[in-house]
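Structural overview for review
Letter by letter, the chains look like this.
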Amino acid sequence: INMNFGVISALATYMLGSSFTPGPGNILTLTSMTNYGWKKGKQVVFGICAGYFCVQLICSLIIYGLSEWFESALTVIKYVGFAYLIYLAVHIAISKPVDINESKKPTFLSVFLLQFVNVKIYMYGLTAMNGYIVPYFNKYIIYFAFEMLIAFVGSLASLTWAFMGVKLQKIYKSKYKIINIILAVFLVYCAVMMLFD
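The structure reproduced in this document is the subject of the present report. (Residues numbered from 1 in each chain as written. Predicted model: local features only at pLDDT ≥ 70, side-chain atom pairs only at ≥ 80, totals over all residues. Heavy atoms only, no water.)

Here's the deal with a nonpolar patch on the surface
- A surface patch of nonpolar side chains, about 890 Å² in accessible area, is lined by Trp 38, Phe 46, Phe 108, Leu 109, Leu 113, Leu 149, Phe 152, Leu 156, Leu 159 and Val 166.
- Put simply, the parts of the chain that give the nonpolar patch at least two residues each are α2 (24-94), α3 (108-114) and α5 (140-196).
- Of all the elements, α5 adds the most residues to the nonpolar patch, at 5 residues.
- Examined against the element boundaries, Trp 38 turns out to sit in helix α2.
- Take Trp 38: its relative accessible area is 35%, and that puts it in the partly exposed class. (Patch = residues over 30% accessible without salt bridge, like charges linked within 9 Å, V, L, I, M, F, W, Y side chains within 5 Å. Areas by Shrake-Rupley, 256 points an atom, 1.4 Å probe, with all protein chains shown as cover. Salt bridge = Lys/Arg side-chain N within 4 Å of Asp/Glu carboxyl O. Helix = DSSP H or I, 4+ residues; strand = E, 2+ residues; numbered from the N terminus. Buried < 20%, exposed > 50% of the residue type's maximum accessible area, 1.4 Å probe, protein only.)

Now the structure itself:
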């Protein structure tokens, strides 16, 4: 194994940067926590984390032998993801703190499925694998373990954003218009970057 400290530190920096920066899952987690708090919004975090692990499992399989099939699927995923993120951005921009009825709150299933069109986490997993793992290893068990590590770090990031959302909940009630617009703009940015990446 030729992975030196420079490669490992670059990989760690890449993982932390990719996991903790604003992305669709992190922004949705923050929005859910500011609106609903932990008790009513925790299924959003759990759905995002579960979806994250499933997508990274798919990435490990792609790297191991399905890359030809995935290239065409990625184009479809990009457009579906773009449309859904724009829909979410509009919904966040116009929502109010009083919108706490169950019918409008994201469900575990809806955020779980969102991860399957979240191109950011596909690109994150595939890029990290191709750049830092594939040159040094060629066994599926290593690919799988590494993708599970990526999902674990991504889940920690979602929990961090959830914690920030819970702490911002009181402020949100008085500043919700500004906060919603900022979060909606971030989501539109994520959607555009995903489409043209």
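Observations concerning helix α1 (residues 5-20)
- With 16 residues, α1 extends 22 Å between its outermost C-alpha atoms, agreeing within 8% with the 22 Å of an ideal straight helix rising 1.5 Å per residue.
- Where α1 is concerned, the buried positions are Val 7, Leu 11, Met 15, Ser 18 and Ser 19. Buried residues of α1, seen end-on, are gathered within an arc of 95° and therefore sit on one face of the element. For α1, exposure combined with an orientation more than 90 degrees from the buried face picks out Phe 5 and Thr 13. (Expected span 1.5 Å × (residues − 1). Arc of directions from axis to C-beta.)

Some words on the nonpolar core
- Core analysis: the largest hydrophobic core is formed by 22 residues, its most contacted members being Leu 11, Met 15, Ile 133, Phe 146 and Ile 150.
- When contributions to this core are tallied by element, the ones reaching two or more residues are α1, α2, α4 (119-133) and α5.
- Broken down by element, this core gets its largest block of residues, 8 residues, from α4.
- Residues Ile 27, Leu 114, Trp 161 and Ile 179 belong to the second largest nonpolar core, which totals 18 residues. (Core = buried A, V, L, I, M, F, W, Y, C linked by side-chain atoms within 4.5 Å.)

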